[in-house]
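Chain by chain, the residues:
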Amino acid sequence: MITVDVKTGRPYRVYVGENLLKESGSLISKHVDGRVAVISDSHVAPLYLDSLIDSLRLEGIEAVSKVIPAGEKSKNIRIYEELLDFLAQESITRSDAVIALGGGVVGDIAGFTAATYLRGVPYIQIPTSLLAMVDSSVGGKTAIDLPAGKNLAGAFCQPELVICDPSVLSTLPEDIFRDGCAEVIKYGVLEDPDLFAKLTLEGIGFDRVPVITRCIDIKAAYVAEDEYDNGVRRKLNLGHTFGHAIEAVSRFSMTHGQAVAAGMCMVARASYAMGFCKQACPQGIEQCIRSFDLPVNCEMKTDELLPFIAADKKRRGDVISLIVPRTIGNCDIVPVNADDVKDWLEAGM
Ligand code: GLY
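From a predicted model like this one, the values you see are computed outputs, not experimental measurements.

Position of S24 relative to the elements: it lies in helix 1 (residues 24–29). When sequence neighbours within four positions are dropped, the list of residues in contact with S24 reads L52, S55, I126 and I163.

Let's shift gears to a negative patch on the surface. Together, D339, D340, D343 and E346 make up a region of like negative charge exposed at the surface. Looking at the secondary structure, you find D340 in the loop between strand 11 (330–337) and helix 13 (341–348).

Quick look at the pairing of strand 4 (residues 63–68) now. Pairing analysis gives six bridges linking strand 3 (residues 36–41) to strand 4, with the strands arranged parallel. The partner of V38 across the bridge, within strand 4, is S65. In terms of handedness, the path from strand 3 via helix 2 (residues 45–58) over to strand 4 forms a crossover that is right-handed.

Relative to each other, helix 7 (residues 193–202) and helix 8 (residues 208–225) sit at 145 degrees, their axes nearing to 12 Å. As for the relative orientation of helix 7 and helix 8, their crossing is left-handed in sense. Here L195, K198 and L199 of helix 7 come into contact with helix 8, specifically with V211, R214 and C215. Residues that form the contact of helix 7 with helix 8 fall into these classes: four nonpolar, no polar and two charged.

In this section: the environment of T142. Relative to the helices and strands, T142 is located in strand 7 (residues 141–146). Exposure remark for T142: the relative accessible area of 4% places this residue in the buried category. With 105 residues separating them in the primary sequence, T142 and E247 have C-alpha atoms 21 Å apart. Discounting residues that sit within four places of it in the chain, T142 has contacts with D108, G111, F112, A115, Y123, A153, G154, A155 and C157. A polar side-chain atom of T142 sits 2.8 Å from the main-chain carbonyl oxygen of A155.

Our focus in this paragraph is the site of the ligand. Every residue near the ligand is listed here: D135, K141, K219, R233 and L236. Contact distances for the ligand include 2.9 Å between an oxygen atom and a side-chain N or O atom of K141. R233 is positioned with one of its side-chain polar atoms (N or O) 2.7 Å from an oxygen atom of the ligand. With the chains in place, 84% of the 200 Å² that the ligand exposes on its own is no longer accessible. Grouping the constituent residues of the shell around the ligand by class yields one nonpolar, no polar and four charged.

Turning to helix 13, its buried residues are V341, W344, L345 and G348. Projected down its long axis, helix 13 carries its buried residues within an arc of 95 degrees, all on one side. Residues of helix 13 that are buried in the fold lie against helix 9 (240–249), helix 10 (256–273), helix 12 (302–310), strand 10 (319–327) and strand 11.

This part covers the environment of F112. Within the secondary structure, F112 sits in helix 4 (residues 104–116). Here the alpha-carbon distance between F112 and Y123, two residues eleven residues apart in the chain, equals 9.7 Å.

What counts as what
- Residues numbered from 1 in each chain as written.
- Predicted model: local features only at pLDDT ≥ 70, side-chain atom pairs only at ≥ 80, totals over all residues.
- Heavy atoms only, no water.
- Helix = DSSP H or I, 4+ residues; strand = E, 2+ residues; numbered from the N terminus.
- Contact = heavy atoms within 4.5 Å.
- Patch = residues over 30% accessible without salt bridge, like charges linked within 9 Å, V, L, I, M, F, W, Y side chains within 5 Å.
- Areas by Shrake-Rupley, 256 points an atom, 1.4 Å probe, with all protein chains shown as cover.
- Salt bridge = Lys/Arg side-chain N within 4 Å of Asp/Glu carboxyl O.
- Lys, Arg positive; Asp, Glu negative; His and termini not counted.
- Charge placed at Lys NZ, Arg CZ, Asp CG, Glu CD.
- Pairing = 2+ DSSP bridges.
- Right-handed = clockwise from strand over helix to strand, strands pointing away.
- Axes fitted to C-alpha atoms, helices over the stretch in contact; angles between N-to-C directions.
- Left-handed = near helix turned anticlockwise from the far one by under 90°.
- Nonpolar A, V, L, I, M, F, W, Y, C, P; charged D, E, K, R; others polar.
- Buried < 20%, exposed > 50% of the residue type's maximum accessible area, 1.4 Å probe, protein only.
- Polar contact = N/O pair within 3.5 Å; in protein donor to acceptor, adjacent residues only side chain to side chain.
- Near = heavy atom within 4 Å.
- Arc of directions from axis to C-beta.

This is the structure:
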């Protein structure tokens, strides 16, 4: 088992190791005195809920559970209310804990429920998708979607601990695993040329534990330096400014990972066109993304994408912060005036 410490205001530990789910009870017993409320979804619960509950019972921890329908559509205010009611009906108190067992949707909504129920109860993340392992389970961003957009209501609230068992990825459908790979590649582009080279060479067959741990390491460092997303943490948005617009224009027929992959290639091509990097940089990123069978471009027109880029959640006044690769392993946060974003987008097509 490998551990990564996340040195936030209230620090916590991420445990990474094959078959950790079966031992999760003993890790959790070090953090929870009372009962636990497990929140999972209809895909994950039939596979892993019993294993988690058995492991908790072995440690004498009493567990109740609630299963929500799988999918992004569940990340809404109605299910959030159901989860609050569930915790209240089960008389969960601040000495108890919520466990999120699932992918990003479960982690986000269970985390938001825990962050707000009784003004905050402890919660534990047990991510079961690649994307949740390397991104959403670490860093304390919790949220639900509103009709106006994704993640529009949420809170920063760090978990008590994160238990990451890559053996559960064996049951993840390959397209969803591949989708999470876009975020893995992102860490290589941001910080680690060796990781990037390994990913380009090995593609989807990369060695799970070391790669996932390295991604969590990088994320943990950003989060420790900038817990509330005002500085270096914004680099995690690499590929996402264009990517979110691509997802929206495609009406979500392009997945998040596909859109981020295309978005990373676009911003890298724009970076070259604007004189921020050498041509080898976008070429290298495209080569890596192709080796994962992810897209390096999108079919959309700049005029279709622009309104969604202008509505970017992270926009501050007239300024959109683009994360721009300089070399593999080194990216800058470049403030771009909203009126100039079109030039960047066109340069990236
Ligand atoms: N998913 C990006 C972040 O946690 O900041």
